[in-house]
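Spelled out from the first residue to the last, the chains are:
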Amino acid sequence: MKLSLIKVGNGCRLGKIKNLGKTRDHTMDIPGCLLYTKTGSAPHLTHHTLHNIHRLPAMAQLTLSSLAEHHEVLTEYKEGVGKFIGMPESLLYCSLHDPVSPCPAGYVTNKSVSVWGAGGRVEMTASKFMAIQQALQPDWFQCLSDGEASCAEVLQKSLIIGVIEGGDVMEERLRSARETAKRPVGGFLLDGFQGNLMATETGLHLLSSVTAELPEDKPRLICGVSRPDEVLECVERGVDLFESFFPYQVTERGCALTFSFDFQPNPEETLWQQNGTQEEIKYLDQTEKIKTTDCTQEMTSFEINLKEKKYQEDFDPLVRGCPCYCCKNHTRAYVHHLLVTNELLAGVLLMMHNFEHYFGFFHSIREALKSDKLAHLKELILRQAF
């Protein structure tokens with residue numbers, strides 16, 4: 001694997017990760033995101049439907065928590081999880097936990113880490129962890145702990161991703177970064193920045209300090225950060241890769257991503273202008289709902305709730321100008337109908353749109369970095385982040 005940086009400035013990194021995969025013929029753009037999956041499948045989507053989405057990430061994220069219970073089957077299969085799930089050509093990254101389903105605290109010992117699958121708790125020792133990775137044969141996998149583990153021959157072409165820990169203690173974070181950087185890892189996972197584990201300013205200050213300690217020729221991933229405004233803050237602090245669970249969460253709420261990410265200076269050519277001032281009003285309206293209605297507390301200002309009755313006769317696409325299958329063929333009213341009648345197709349169409357929109361956002365980040373206009377994009381996103 002080789003990380004080629006095209007542009008570095010103000011903490012941001014633009015480039016490509018080359019020679020990826022066991023055949024070393026894959027490339028991934030950074031900043032970018034991973035394809036979020038549930039047990040190796042994109043939520044709601046078939047393999048065929050998934051490939052109707054533009055700008056799919058080169059690497060899919062698998063979670064050990066969802067696959068640990070199946071490791072005996074995969075061990076007997078012997079050809080790795082990629083071929084088993086019908087994605088033999090895809091790049092696969094195996095993380096410990098599903099970012100959408102946080103694990104209970106208090107189950108880590110000096111000899112094991114616990115993950116939670118469909119059948120409950122699975123205690124993971126170093127030897128069991130390595131046995132499962134040998135059965136999965138991913139391209140990248142997240143380290144279980146700081147302890148060293150020898151790799152079997154089947155994992156010699158897999159990259160180990162070292163984990164930076166330390167909570168909100170600067171000294172411990174820096175010590176973890178320096179010590180992990182000394183080890184033969186292929187990249188770094190910045191853990192513990194998700195949710196409300198620490199104050200936002202504290203987290204961003206820690207992030208800047210930690211990335212400054214890491215070598216520039218290896219990718220930096222972060223877990224649990226997926227909101228557009230948070231992504232941009234992390235990009236400015238040198239983070240390269242993100243998880244893409246946010247579109248899944250939005251889909252599960254019966255919502256559609258509608259935020260604008262067209263930073264071009266000509267307003268006539270932007271999605272913001274296409275959607276008109278009515279979209280701004282909708283964002284403000286949505287904010288009020290977030291503040292006052294219990295059932296929408298988890299919603300963000302980057303989405304609209306298509307279960308609401310006002311969309312019953314709204315025959316516009318989810319987002320005007322969006323190239324996704326849903327927006328080109330269906331309306332907000334139709335998706336509203338599918339949601340209120342509990343049709344499975346609602347999840348399929350929303351997932352297709354939300355993935356398309358989110359992956360387009362990352363493309364916009366890279367284009368903004370190329371043209372030195374990330375500040376314009378950030379201003380546009382923060383205007384919509386109430």
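Scroll up to find the structure.
Numbering of residues starts from 1 in every chain and runs along the sequence as written. With the structure being a predicted model, the display of local features is reserved for residues of pLDDT at least 70 and the display and counting of side-chain atom pairs for 80 or more, all residues being used for whole-chain, interface and lining totals. Values shown for side chains rest on all heavy atoms present in the structure; no hydrogens or waters enter the calculation.

Asks: Account for the packing of aromatic side chains, naming residues and giving values.
Replies: In this analysis, rings of Phe, Tyr and Trp, with Trp reduced to its six-membered ring, are considered paired at centre separations within 6.5 Å, and the interplanar angle assigns stacked below 30 degrees, edge-to-face beyond 60, and tilted for intermediate values. What the rule picks out here adds up to 13 aromatic pairs. Taking 5.3 Å as the distance between ring centres and 75° as the angle between the ring planes, the aromatic pair formed by Y77 and F84 counts as edge-to-face. Partly exposed describes any residue whose relative accessible area lies between the buried limit of under 20% and the exposed limit of over 50%, with all areas from a 1.4 Å probe on protein chains only and scaled to the type maximum. Looking at Y77, the relative accessible area reads 28%, which means it is partly exposed. Judged by centre distance (5.5 Å) and plane angle (80°), the ring pair of F259 and F361 falls under edge-to-face. Here F259 is found in the loop between β15 (255-257) and α10 (271-292), whereas its partner F361 is found in helix α13 (residues 345-370), with 102 residues between them in sequence. Here a set of aromatic residues connected by ring pairs shows up, and it is made of F242, F246, F259, F261, F302, Y358, F361 and F362. Strands here are runs of E lasting at least two residues and helices are runs of H or I lasting at least four, both read from the DSSP assignment and numbered beginning at the N terminus.

Asks: Would you mind going over the nonpolar core in detail, with residue names and values included?
Replies: Among the nonpolar cores identified, the biggest contains 94 residues, and W140, F242, F361 and I365 are the most heavily contacted of them. When sequence neighbours within four positions are dropped, the list of residues in contact with F361 reads P228, V231, L232, F259, F261 and I381. One finds A256, L318, C324 and L350 within the second-largest nonpolar core, a separate group that totals 16 residues. Only buried Ala, Val, Leu, Ile, Met, Phe, Trp, Tyr and Cys residues count toward a nonpolar core, and they belong to the same one when joined by side-chain atoms within 4.5 Å. When checking whether two residues touch, look at their non-hydrogen atoms; a contact exists if any pair is within 4.5 Å.

Asks: Can you lay out the side chain of R253 for me, pointing to particular residues and giving the numbers?
Replies: Positionally, R253 belongs in the loop between α9 (246-252) and β15. On the basis of relative accessibility, which here comes to 17%, the residue R253 falls in the buried class. Here a polar contact means two N or O atoms within 3.5 Å. Within protein one must be a hydrogen donor candidate and the other an acceptor candidate, and residues neighboring in sequence count only if both atoms are side-chain atoms. Here E298 takes part through its backbone oxygen, which lies 3.5 Å from a polar atom of the side chain of R253. In contact with R253, not counting residues within four places along its chain, are F246, E298, M299, T300, E303, N305 and K307.

Asks: So what about helix α8 (residues 228-235)? Which residues, and what values?
Replies: Burial analysis of α8 places seven of its eight residues in the buried class, the great majority of the element. Taken together, the buried positions of α8 are P228, D229, V231, L232, E233, C234 and V235.

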